[in-house]
Structure formats: structure tokens, C-alpha cells
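Spelled out, the chains give:
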Amino acid sequence: MSSKPIRKAVIPVAGLGTRFLPVTKAQPKEMLPLVDKPVIQHVVEEAIRAGIGSIILVTGRGKQAIENHFDVAYELEDMLSRRGKTEDLELVKSITHLAQFAYVRQGEPLGLGHAVLCAQHAVGDEPFALLLGDDVFDEEDPALSALVAAHEATGHSVVGVQQVPREHVSRYGIVNAPQPLGPWWNVHTIVEKPSMEIAPSDWAVVGRYILTERIFEHLQNLKPGVGNEYQLTDALAMLAMEGQLTAAPIPAKRFDTGNKLDYLKANVEFALKRKDLGNDFYEYLRDLINARG
Ligand code: G1P
């Protein structure tokens, strides 16, 4: 059993966003909005809901907009204050106080395993959460907190999983299926982006992890894997061999915001849930669909 609470979250944001060109040519994909809030803020807020207060972003060249978003915006705040726009001012200021932010750089895109290793000195000697920014979950259901519960019960590293269509398994890290289905299960096999034929199941790792400090030892010894990148999944496979890896299903609905269609769906669903926009937007969509027959 682990006695250490999960206090820190690592979020890699150095990726180039090649799945979302041209909008990501000159701006970080993490800053694309879901309605009016950037994707990265949704992810940070999910970590905070799971009780985490310290956020470590693994960043790279051309990503300054992310740091600016979580920093004080002096000119904007001054202007809003002078114009008496109190609500907007509070909104802008609250982002800076969401959590404590730290930034480490990943100079070269050498893979997810490498990105996590770049954060080692900022994480130190304690278990931590890892959240991948492309995966965004419905805010009303637990996502990361489901993993924290599994970690508290087992003391192991935990991967958040969901079932995906069999023809999509080659996009994900895939774990063995549960026997029988419980709140979580022991992982003995995990494979990065397997073909449909060799995939151990259709349970995919969906961008949420709790990692014990032991992961760093395995990351340090990694050899390049699939795509010639240092794959986190290969280090997780070492934990699985040691009987130290748990899979926890995430009940929340997931959107892969790095995929254009999923990004559009996420915007529609998040907008429909908004108190200030939902009803008008629903009526607009309904009329639009009716007009198309
Ligand atoms: C990464 C991981 C993969 C995981 C996926 C979840 O892949 O390597 O194991 O299933 O994220 O989104 P990527 O999407 O970066 O290729």
C-alpha cells in the first residue's frame, strides 16, 4: 500500500499537433478552445478535482502561449480593472491561482517515455499523475479520481482504460482484459499500438496514469520502441512484469481532441451543457437539423 498522497501532475505539452494543421502551425494545439476555455485548462482542472495542487508541464519551443495563459496578464487585468469589468477580471485572475505551475523543457520530440523522464527532477521521489492533453473527459464523471482511488487501494502504478472498437486498437496502448470485471485489475500484458490480430484485448489506455517513482528506473533503461520513440508503454510493461501495474476503467465519456471530428463533438457537447449557451445552442442545432430534413 502506498502511504504517499498524489500531489503532483505531469502534463506533456511539447507535441507539434500535426494531426490538427493548419491551425496548429503557429499556435499550440493545447490552446484550442472547448467553447471558450483552452483544452489544457480543462485537463489542469481535472487534476485539481482529483486533489492535485502542483502541475508540471513538459513544454517545448513555440508553446509560450500555455505559460502565458497560466500567468498574470498584467495589461489585460489593469484594463479590465479600470473599466470596472469585475467578473471578467476575476475570471482572468482565477486561472493564475488554479494551482502551482512548473515548466520543464523537452528539447527533442523523442517520445512520451522521454517526456516523462524530463519531469523526473521536478517530480522527485513520490508517485504522481500523468495526464495527456489530447484526451478530455466529461467533467461530470470522475476520470483521474478513479485512478487515484485504485492507487490508494493497491499502491501500484495505474493506467486508466476504456474499451475501444477492435479496429482502433492499433492507436493505443492495450492491456489484458479483466477476469472477471471489477473496479480494477492486475495488468500482466501491455502492448503499444498492437495490430488487431495480436492485441491482448480491446481495453485501451486513454491518457490518464498514476505512476510510482519506480517508473523512472525503467524509463532510464529504455530502448527506442514503436516509431523509434522512447515509449512509456515499454516501461509500464516492466512494471507489469513485476506485478506492479493496475488497470482502472474510467467511467467518463472521452473526447480525443487531437482528432478533428472528436474535437467538434466535444465542442457541441460542452456547449450544450453550458447554462449561458446551452438552450439557445440546442434550438439552433435542432432548427438546423430539421431544415436539412
Ligand atoms: C499515447 C500512448 C498510448 C495511449 C495514448 C492515449 O499514444 O503512447 O499508449 O494509449 O497516448 O491517448 P499517442 O496518442 O501519443 O500516439
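Look up: the structure comes first, before these words.
This report concerns the structure included in the present document. Since we're looking at a predicted model, the values are computed, not measured.

**Describing the packing of helix α10 (residues 260-272) against helix α11 (residues 278-291)**
- At a minimum axis separation of 8 Å, α10 and α11 run at an interaxial angle of 125 degrees. Here α11 runs oblique to α10, going by the angle between their axes. Contacts between α10 and α11 involve V268, A271 and L272 on the former and, on the latter, G278, F281, Y282 and L285.
- When its residues are assigned to classes, the contact of α10 with α11 shows 6 nonpolar, 1 polar and no charged.

**Quick word on the nonpolar core**
- Membership of the largest hydrophobic core comes to 40 residues, with the highest contact counts inside it found for I11, I40, I55 and L144.
- Every element with two or more residues in this core is listed here: β1 (8-12), α1 (39-49), β4 (54-59), β6 (128-131), β7 (135-137), α7 (144-154), β12 (203-211) and α10.
- The leading source of residues in this core is α1, at 5 residues.
- The contact partners of L144, leaving out residues within four places of it in the chain, are E46, A47, A50, I52, A129, L131, R208, Y209 and I210.

**Remarks on the pattern of salt bridges**
- Across all of its chains, the model carries 20 salt bridges by this definition.
- When the shortest N-O distance is used, the salt bridge between D135 and R254 registers 2.6 Å. With D135 in strand β7 and R254 in strand β14 (residues 254-256), the pair connects residues that are 119 residues apart, well separated along the chain. Grouping residues by exposure puts D135 and R254 together as buried.
- If you follow the salt bridges from partner to partner, you end up with R19, K29, D134 and D256 in one network.

**Remarks on the site of the ligand**
- The full set of residues close to the ligand is L132, D135, Y172, G173, E192, K193, V205, G207, Y209, Q231 and T233.
- One nitrogen or oxygen atom from the side chain of T233 is found 3.4 Å from an oxygen atom belonging to the ligand.
- Relative to its free-state accessible area of 380 Å², the ligand is covered by the protein chains to the extent of 74%.
- Top element by residues in the shell around the ligand is β12. It accounts for 3 residues.
- Tallied by class, residues from the shell around the ligand come to 4 nonpolar, 4 polar and 3 charged.

**Considering unusual backbone geometry**
- A cis amide bond links L21 to the next residue, P22, at an omega of 5 degrees.
- When you line up the elements, P22 lands in the loop between β1 and β2 (33-34).
- Phi at V35 takes a positive value of approximately 60 degrees, unusual for a residue other than glycine.
- With respect to the helices and strands, V35 occurs in the loop between β2 and β3 (37-38).
- Among the residues examined, V35 registers a relative accessible area of 26% and is labelled partly exposed.

What counts as what
Residues numbered from 1 in each chain as written. Predicted model: local features only at pLDDT ≥ 70, side-chain atom pairs only at ≥ 80, totals over all residues. Heavy atoms only, no water. Axes fitted to C-alpha atoms, helices over the stretch in contact; angles between N-to-C directions. Helix = DSSP H or I, 4+ residues; strand = E, 2+ residues; numbered from the N terminus. Parallel < 35°, antiparallel > 145°, perpendicular 65-115°, else oblique. Contact = heavy atoms within 4.5 Å. Nonpolar A, V, L, I, M, F, W, Y, C, P; charged D, E, K, R; others polar. Core = buried A, V, L, I, M, F, W, Y, C linked by side-chain atoms within 4.5 Å. Buried < 20%, exposed > 50% of the residue type's maximum accessible area, 1.4 Å probe, protein only. Salt bridge = Lys/Arg side-chain N within 4 Å of Asp/Glu carboxyl O. Near = heavy atom within 4 Å. Polar contact = N/O pair within 3.5 Å; in protein donor to acceptor, adjacent residues only side chain to side chain. Areas by Shrake-Rupley, 256 points an atom, 1.4 Å probe, with all protein chains shown as cover.

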